[in-house]
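Letter by letter, the chains look like this.
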Amino acid sequence: MEHEGRSAAWPGVIEAYRRYLPVDASTPVVTMNEGRTPLIAAPRLAEVVFGEGRVPRLYLKFEGLNPTGSFKDRGMTMAVSKAVEAGAKGVVCASTGNTSASAAAYAARAGLACLVIIPKGAVASGKLAQALIYGARVLAVEGNFDVALDLVRGLVARHPEITLVNSINPYRLEGQKTAAFEVCDQLGRAPDYLAIPVGNAGNISAYWQGFKEYAAAGQGGAKRPAAGAWPLMLGFQAEGAAPFIAGSFVDKPKTLATAIRIGHPASWDRARRAVNESGGRFTAITDDEIVIAYRLLARLEGVFVEPASAAPVAGLAKLTRDGYFAERGVGPETAVVCVLTGNGLKDPNRARRVSVAPEVVPADLDLVEDRAFGREAGS
Ligand code: AN7
């Protein structure tokens, strides 16, 4: 590990990667010790996703284990620290849910007010619960995320004392790029492929920036001189909310993966550049494919994510079916990292809806045995 906190408790991403970040000794660091999420080997899932034959090594970067349950905390520690440094009175964001949960938590810790604008009825229950309990003021607008983000831009134009903490705030991506550093540190090199869901397109842009900066600093590529020092970037969107695949903005985005129900991605140019420069691609998958991947992650690897985070797993399976990996000669020496952006507990209703409800049984040993082991027992 390259970070300076190696022998002490993990200090959070700003202290761990301070030399790569726009902070100095006077920046008040607002942290919940986010980052250092596990990179989990997933051989059982890999067999199913990549099929028989030359199966690459699949790793899951489980960002759902951050303090508020998503990757947003990496960017929020930076954005809120810089807001405090600049003397902001509060922070504001539009959100499909995770940004608001993270902003509300870091604002609480910093003693700042937090205002959140969400699309009414389109935020998973756990995320809304978080924003509320952390003490944010939450306004639900009749409109989608893109409408909410426009409103927030208008608000900060009128109230410069409030800092916008969506990913158009450059400090957000600075923080989020540390995930790419960690992947390189954990793997001992840059992966060959990086699979990631794409909504507002900040995260794919941040990873790409991170891989390039780490390579430029001599990190992440040293053990693999023959290959590139960065991965091919594979961005995945839900079919009903896939502006990058359509090549233009989508006005009425639709998908059950509410986190990525976004039609006008703010980081449009940066994300396209990440994919083009790396030689990767954008791919759309259906909601049905997302749900299959969502269940497979849980059943084969014990990893419970929210639906948006299953999108890249669904996408890797689709690319395999389309012959993408066979053409490229992947095998056991190939490392594929899949970014699992959010925790499954964010959206418990979805998990229940795609599962068999528990059976009610009388408290009787014979009856319980019968139900559990008898002919009627479920699979
Ligand atoms: C779990 O919270 O946009 O492409 O407002 O919550 O960087 O936007 C969330 C996005 C992927 C997409 N996975 O990341 C918000 C918000 C999860 C997410 C994305 C989001 P970006």
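In what follows, the structure referred to is the one given above.
Residues numbered from 1 in each chain as written. Predicted model: local features only at pLDDT ≥ 70, side-chain atom pairs only at ≥ 80, totals over all residues. Heavy atoms only, no water.

Peer 1: Could you give me a rundown of the overall build of the protein chain, with the residues and numbers involved?
Peer 2: In terms of helices and strands, the protein chain carries 16 helices and ten strands. Over its C-alpha atoms the protein chain spans a radius of gyration of 21 Å, differing by no more than 12% from the 21 Å that the globule rule assigns to 379 residues. In terms of principal-axis extent, the alpha carbons of the protein chain reach across some 65 × 55 × 45 Å. By residue count, 56% of the 379 residues in the protein chain fall in the buried class. Here the analysis covers contacts within the protein chain between residues at least 6 apart in sequence; of these, 73% occur between residues at least 24 apart. Only carbon and sulfur atoms are counted for the fraction: they give 53% of the accessible area of the protein chain, which is about 16100 Å². Taking the average place of the 42 positive charges on the side chains of the protein chain and the average place of its 38 negative ones, the gap between the two points comes to 4 Å. (Helix = DSSP H or I, 4+ residues; strand = E, 2+ residues; numbered from the N terminus. Rg over C-alpha atoms; globule rule 2.2 N^0.38 Å. Buried < 20%, exposed > 50% of the residue type's maximum accessible area, 1.4 Å probe, protein only. Contact = heavy atoms within 4.5 Å. Areas by Shrake-Rupley, 256 points an atom, 1.4 Å probe, with all protein chains shown as cover. Lys, Arg positive; Asp, Glu negative; His and termini not counted. Charge placed at Lys NZ, Arg CZ, Asp CG, Glu CD.)

Peer 1: Describe a nonpolar patch on the surface, and please don't skip the residues or the numbers.
Peer 2: On the surface, Val361, Leu367 and Val368 cluster together into a nonpolar patch covering about 200 Å² of accessible area. Residue position: leucine 367 is located in helix H16 (residues 365-373). (Patch = residues over 30% accessible without salt bridge, like charges linked within 9 Å, V, L, I, M, F, W, Y side chains within 5 Å. Salt bridge = Lys/Arg side-chain N within 4 Å of Asp/Glu carboxyl O.)

Peer 1: I'd love a proper account of the packing of aromatic side chains, names of residues and values included.
Peer 2: Evaluation of the coordinates by the stated rule reveals 15 aromatic pairs. Measuring from ring centre to ring centre gives 5.3 Å for tyrosine 193 and phenylalanine 325, while their planes differ by 80°; the resulting arrangement is edge-to-face. Linking tyrosine 193 in strand E7 (residues 193-197) with phenylalanine 325 in helix H14 (residues 324-327), this pair joins segments that are 132 residues apart in sequence. With a relative accessible area of 5%, tyrosine 193 lands in the buried category. (Phe/Tyr/Trp six-rings, centres within 6.5 Å; stacked < 30°, edge-to-face > 60°.)

Peer 1: Break down the sheet that holds strand E4 (residues 113-119) for me, citing the residues and quoting the values.
Peer 2: If you walk across this open sheet you meet the four strands as E5-E4-E3-E6, and the pairing is parallel. Each edge of the open sheet is held by one strand with a lone partner, namely strand E5 (137-141) and strand E6 (162-164). This sheet shows a mean twist of 20° between the axes of neighbouring strands, independent of strand direction. In this sheet, E4 lies alongside strand E3 (residues 90-94) in parallel orientation, the contact comprising five bridges. Each residue of the ladder has a partner; that of valine 92, found in E4, is leucine 115. Most of the contacts of helix H6 (residues 145-158) go to E3, to which it runs at about 150°, and overall it touches E3, E4, E5 and E6. (Pairing = 2+ DSSP bridges. Axes fitted to C-alpha atoms, helices over the stretch in contact; angles between N-to-C directions.)

Peer 1: Account for the environment of alanine 122, naming residues and giving values.
Peer 2: Assignment of secondary structure puts alanine 122 in the loop between E4 and helix H5 (125-133). Sequence separation of alanine 122 and alanine 257 is 135 residues, and the distance between their C-alpha atoms is 9.7 Å. When sequence neighbours within four positions are dropped, the list of residues in contact with alanine 122 reads Thr96, Thr258 and Arg261.

Peer 1: Just give me the short version of the site of the ligand, but keep the residues and values in it.
Peer 2: In the vicinity of the ligand lie 22 residues, with Asn98, Thr99, Ala201, Asn203 and Thr341 positioned nearest. Within the backbone of glycine 199, one N or O atom sits 2.8 Å away from an oxygen atom of the ligand. Take asparagine 200: an N or O atom from its main chain is 2.8 Å from an oxygen atom of the ligand. Protein coverage of the free-state accessible area of the ligand, which is 470 Å², stands at 99%. Of all the secondary-structure elements, those providing two or more residues to the shell around the ligand are helix H4 (98-110) and helix H9 (202-216). When grouped by side-chain class, the residues that make up the shell around the ligand number eight nonpolar, twelve polar and two charged. (Near = heavy atom within 4 Å. Polar contact = N/O pair within 3.5 Å; in protein donor to acceptor, adjacent residues only side chain to side chain. Nonpolar A, V, L, I, M, F, W, Y, C, P; charged D, E, K, R; others polar.)

Peer 1: With reference to specific residues and values, describe the sheet that holds strand E1 (residues 39-41).
Peer 2: As summarised here, the arrangement of the six strands in space is E1-E2-E10-E7-E8-E9, forming an open sheet in which the pairing is mixed. Edge strands, defined here as strands with exactly one partner in the open sheet, are E1 and strand E9 (281-285). For this sheet the average axis-to-axis angle between neighbouring strands, irrespective of direction, equals 25°. Note that E7 and strand E10 (residues 335-340) share three bridges and pair parallel. Each bridged residue has a counterpart across the sheet, and for alanine 195 the counterpart in E10 is cysteine 338. Taken strand by strand, helix H8 (residues 178-187) contacts E1, strand E2 (57-62) and E10, and its axis lies near 135° from that of E2.

Peer 1: Give a detailed account of the environment of valine 92, specifying residues and quantitative values.
Peer 2: Of note, valine 92 is situated in strand E3. A sequence separation of 84 residues divides valine 92 from glutamine 176, and the C-alpha atoms of the two residues are 18 Å apart.

Peer 1: Please give an account of the pairing of strand E8 (residues 232-238) that cites residues and values.
Peer 2: Within E8, seven of the seven residues are buried, which leaves the element mostly enclosed by the surrounding structure. Side chains of E8 alternate between two faces, with Leu232, Leu234, Phe236 and Ala238 and Met233, Gly235 and Gln237 buried alike. Examined bridge by bridge, E7 and E8 share five bridges and lie parallel to one another. Residue pairing for E8: leucine 194 is matched across the bridge by methionine 233. Strand direction decides the pairing type here: E8 and E9, joined by five bridges, are parallel. In the strand pairing of E9, alanine 238 is matched with isoleucine 285.

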